[in-house]
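# Residue-level structure breakdown
The lines below spell out each chain.
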Number of protein chains: 2
Amino acid sequence: MSGDRGPRRRRRPEEAEQAILAASRAFLEERPFREMTVEGVMVRTGLSRPAFYAYFRDRYEVVTRLLEGIGGLLFALDWRWLSGGEIEEEARDVLIEALRAGSRTFVEYGPVLRAIADAAGYDAKVEQVYRYGLIERLVAAVASRISRDVKAGLSPTDLEPQETARALVLMTERYLLDAFGRPERRPSRRESAAVFHTLEGIWVRTLYG
Amino acid sequence: MSGDRGPRRRRRPEEAEQAILAASRAFLEERPFREMTVEGVMVRTGLSRPAFYAYFRDRYEVVTRLLEGIGGLLFALDWRWLSGGEIEEEARDVLIEALRAGSRTFVEYGPVLRAIADAAGYDAKVEQVYRYGLIERLVAAVASRISRDVKAGLSPTDLEPQETARALVLMTERYLLDAFGRPERRPSRRESAAVFHTLEGIWVRTLYG
DNA sequence: TCTTGTTATTGACATAACGTCAATAGACAC
DNA sequence: GTGTCTATTGACGTTATGTCAATAACAAGA
């Protein structure tokens, strides 16, 4: 029979939870968030649909958990970016290095990040986590750095740090999601390079003219 | 009685369709797309829920129709931007003028545009219309202009027109949605000015350094 | 004013996905 | 074995969707 899931098997809760997270991620590597149903995820675990609810409130909580796992990677840039050099040459290099690191994260986790961004449109709680747990934190970090660079004379004084940071962060997020967030369309190495180059160009021109 | 909708009234189809579009728009001025149900829209028209399906396939079609009404406004910029001056001073002015016009559209229709962007995450057809009917068309127009400016020596030669255009357009879209797309949070005139100024700064620095 | 045809409108139905809970049945301890 | 604990699930109620046959406005003609 096709629906035969075999005899029941008991797993340790920790194990089952990880299985669900893994199944969700695998699902999102192939199909968009809008098609992700609890049933669709659970068939990949060999567990029944109701079992899902023993571990997660709903699929939005799953996505939030996936974000926690990746969000940290994006903050690895924070301290680098913030502690970077005081002279223009250095500042530029540190910026580019941070952008590279961020881009790499998007290349690796693109579809999952895309799913999280989509889910933010579905659920108010995910939106909060995404906005204030990721975007706004990045904006704050970037704004703080811009503020320093303006005071240090590295960047033009008519730059509003907060707004400029928000615009640049949102651009980077959307542009990288557009490039690397679609399960079906994996860019070639050449295309990826063009994306990185373009991003760097806009950041550098904007901040260090 | 609160549920009493009074005696039935017959409208001309055209009239009913407009009523539904208006009700949808009114709804989206107050609440996000994720809370928009067919029922929630139809109570505002005095018609029953099933009546909705006589005029639209589903709520995604409604949103697509709303986009048609607004999309045209955003393309009013196209020809201006494309036919603009050949010297740097002029190019910059034309660009700023186009950005102002686009921003004004977002100020006026922010929540509806936000709803459409959200809906693109819900429905594949809306995503197509939004991407290829709006974003990609703007990208193509901007890319074409950048290409010209690079050849004319107005913009740096290491600019990849297509990619730069995409990054700038996506930034502008997301940043304006972030600023003006939330029903609950209307920015002050002062905040709006900062947004326009920041956008202009990034575009100008990127293209005309 | 009455009759009649057209069609805008709706009540009732079928479906899909959600979230809950009492009952079931692995696995380990003794 | 036997018993306990709890991971697991079948079955249920809910909400929103989309469809369709039946109903009832309205316009036109007598």
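Structure: see above.
Here the structure is a predicted model, which is why all the values come from computation and not from measurement.

For an interface, size is often stated in terms of accessible area lost upon the parts coming together. Taken together, the contact pairs 26 residues of chain B with 26 residues of chain A. When the residues that make up the side of chain B that touches chain A are grouped by side-chain class, the tally is ten nonpolar, seven polar and nine charged.

What follows is about helix α6 (residues 124–151) of chain B. Residue and element names in this part refer to chain B. The terminal C-alpha atoms of α6 lie 38 Å apart, and with 28 residues this matches the ideal 40 Å at 1.5 Å per residue to within 8%. Its maximal kink placed at glutamate 136, α6 deviates by approximately 30°. Those residues of α6 that fall on the buried side of the exposure criterion are Val126, Val129, Tyr130, Leu134, Leu138, Val139, Val142, Ala143, Arg145, Ile146 and Asp149. One or two residues past the end of α6 sits glycine 153, with phi positive at roughly 80°.

Our next topic: the relation of the copies chain B and chain A. With an RMSD of 0.0 Å, the operation that places chain B on chain A is a rotation of 180° combined with a shift of 0.0 Å along the axis. Overall, the copies show the geometry of a two-fold rotation axis. Identified as the residue of chain B closest to the rotation axis by C-alpha distance is methionine 171 of chain B, at 2.0 Å. The fraction of interface residues of chain B whose copies in chain A are also interface residues reaches 100%, indicating that both copies meet through the same surface.

A separate point is the protein's contact with DNA strand D. Around DNA strand D, a shell composed of 22 residues is seen, among which Ser48 and Pro50 of chain A together with Pro50, Tyr53 and Asp58 of chain B lie nearest. The set of elements that each furnish at least two residues to the surface near DNA strand D consists of α1 (13–30) and α3 (49–55) of chain A together with α2 (38–42) and α3 (49–55) of chain B. Per-element accounting of the surface near DNA strand D gives the leading share, three residues, to α3 of chain A.

What follows deals with the protein's contact with DNA strand C. Inspection of the region around DNA strand C gives 21 residues, with Val38, Pro50 and Asp58 of chain A together with Ser48 and Pro50 of chain B positioned closest. For the surface near DNA strand C, the element with the most residues is α3 of chain B, which contributes three residues. In terms of residue class, the surface near DNA strand C is made up of ten nonpolar, two polar and nine charged.

Conventions used here
- Residues numbered from 1 in each chain as written.
- Chains lettered and ligands numbered in written order.
- Predicted model: local features only at pLDDT ≥ 70, side-chain atom pairs only at ≥ 80, totals over all residues.
- Contact = placed C-beta atoms within 7 Å.
- Nonpolar A, V, L, I, M, F, W, Y, C, P; charged D, E, K, R; others polar.
- Helix = DSSP H or I, 4+ residues; strand = E, 2+ residues; numbered from the N terminus.
- Expected span 1.5 Å × (residues − 1).
- Bend = angle between axes of the 7 residues up to and from the residue.
- Buried ≥ 20, exposed ≤ 12 C-beta atoms within 10 Å, placed from the backbone.
- Least-squares fit on C-alpha atoms with pLDDT ≥ 70 in both.
- Near = placed C-beta within 6 Å.

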